[in-house]
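Observations on chain architecture
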Amino acid sequence: RVWYTVVLGSSDVGDLERVPTSNYVDLDEQDGDEVTGLVGNHLGNVVVFKRNQIWKLIPTGDAVTPYSRVCLTKFVGCIEAKTIVQAEDENGNPAIYFLSRKGPYRISTSGLEYCGRDIEDIWATVNLAATDIIGHGLYYRQKHQVWFWLSTSGTDSPNMRVVLDTHLCRRSSGG
């Protein structure tokens, strides 16, 4: 369930603080999977991540039902909000990079894409049960790089950084 506030400016008092009990969108609420993160604006839509799903909330312009929901996938999700990075793809288009249980992925104008083919040997050592941050990400704009810190080989806090150069990404049959 994703909650949202009232439309800014719709009343004189408390717009920023007020969340009516009916202002929510359910996203496959019976699957037992919690929301792990979201991006408030990606190509005009809200992108919501669950551990094993990704949803897109599309503004409708209707005050009663302000979002329609579209499931992008029920096979890949985000392991933690701190791994979500807004950056660009190799063509300079907006992209969201994130870590899933299967490795790094991105959502761009080309859709959902796997970005971990080159590091599958490293990913096999990632500790998904780490007590500290499983991994977090950062966009280094000047170098066109996305950096992810990972907990590997049974460690409970990040001990390795992997770097993806967004300008050198190329699609292939393997990802």
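For the structure given in this document, a descriptive report is provided here. Every residue gets a number counted from 1 within its own chain, in the order that chain's sequence is written. Only residues with pLDDT of 70 or above have their local features reported here, since the model is predicted, and side-chain atom pairs are shown and tallied only from 80 upward, although totals for entire chains, interfaces and linings are computed over all residues. Only heavy atoms go into the side-chain values, all of them from the structure, while hydrogens and water stay out.

Re the sheet that holds strand S7 (residues 85–88)
Paired strands, as defined in this entry, are two strands with at least two bridges between them according to DSSP. Each helix corresponds to a stretch of at least 4 residues labelled H or I by DSSP, and each strand to a stretch of at least 2 residues labelled E; elements are numbered beginning at the N terminus. Strand order in the open sheet formed by 4 strands is S7-S8-S9-S10, and the pairing between neighbours is antiparallel. For this open sheet the edge positions go to S7 and strand S10 (111–114), each flanked by a neighbour on one side alone. When strand polarity is set aside, the average angle formed by the axes of neighbouring strands in this sheet is 30°. For strand S8 (residues 94–100) and strand S9 (residues 103–108), the ladder comprises 5 bridges, and the chain directions are antiparallel. Opposite Ser-100, over in S9, you have Gly-103 as the bridge partner. Helix axes use the C-alpha atoms of the stretch in contact, all axes being lines fitted to C-alpha atoms, and the angles between their N-to-C directions lie in the range 0 to 180 degrees.

What about the packing of aromatic side chains?
Centres within 6.5 Å are what make two rings of Phe, Tyr or Trp a pair, Trp counting through its six-membered ring; a difference in plane orientation under 30 degrees is then read as stacked, over 60 as edge-to-face, and the rest as tilted. Under the counting rule described, the total for this entry stands at 5 aromatic pairs. Plain terms: the ring middles of Phe-98 and Tyr-105 are 6.1 Å apart, the flat faces sit at 20° to each other, and that makes the pair stacked. For Phe-98, a relative accessible area of 0% corresponds to the buried category. Note on exposure labels: buried denotes an accessible area under 20% of the residue type's maximum, exposed denotes more than 50%, and partly exposed covers the range between, all computed with a 1.4 Å probe on protein chains only.

With respect to the layout of surface pockets
Residues are said to line a cavity or pocket when one of their atoms sits within 4 Å of a point; the points come from a 1 Å grid over protein atoms alone, cavities being sets where a 1.4 Å probe fits but cannot get out and pockets being open sets with protein on both sides within 12 Å along at least five of seven lines. Grid points are joined across faces, edges and corners, and a volume is the space filled by probe spheres set on the points. Estimates place the volume of the largest pocket at around 450 Å³. Looking at the largest pocket, it is lined by 21 residues, and the ones nearest its centre are Cys-115, Gly-116, Asp-118, Leu-164 and Cys-169. Looking at the lining of the largest pocket, the elements that each hand over two or more residues are S9, S10, strand S12 (145–150) and strand S13 (160–165). No other element matches S13, which puts 4 residues into the lining of the largest pocket. Classifying every residue of the lining of the largest pocket by side-chain character gives 11 nonpolar, 3 polar and 7 charged. For this scheme, ten residues count as nonpolar: Ala, Val, Leu, Ile, Met, Phe, Trp, Tyr, Cys and Pro. Four count as charged, namely Asp, Glu, Lys and Arg, and the remainder, Gly too, count as polar.

Notes on the pattern of salt bridges
Salt bridge, as applied in this entry: a Lys or Arg side-chain nitrogen positioned within 4 Å of an Asp or Glu carboxyl oxygen. Under the counting rule described, the total for this entry stands at 5 salt bridges. Across the salt bridge formed by Arg-106 and Glu-90, the nearest N and O atoms sit 2.9 Å from each other. With Arg-106 in strand S9 and Glu-90 in the loop between S7 and S8, the pair connects residues that are 16 residues apart, well separated along the chain. Overall, the relative accessible area of 3% leaves Arg-106 in the buried class. Ionic pairing is found between Glu-120 and Arg-117, a salt bridge with its closest N-O pair at 2.7 Å.

With respect to the pairing of strand S3 (residues 35–42)
When S3 meets strand S4 (residues 45–50), the two strands line up antiparallel, connected through 5 bridges. Within the sheet, the bridge partner assigned to Leu-38 lies in S4 and is Val-48. Counted between consecutive antiparallel strands, the loop separating S3 from S4 contains 2 residues, among which Leu-43 sits at a positive phi close to 55°.

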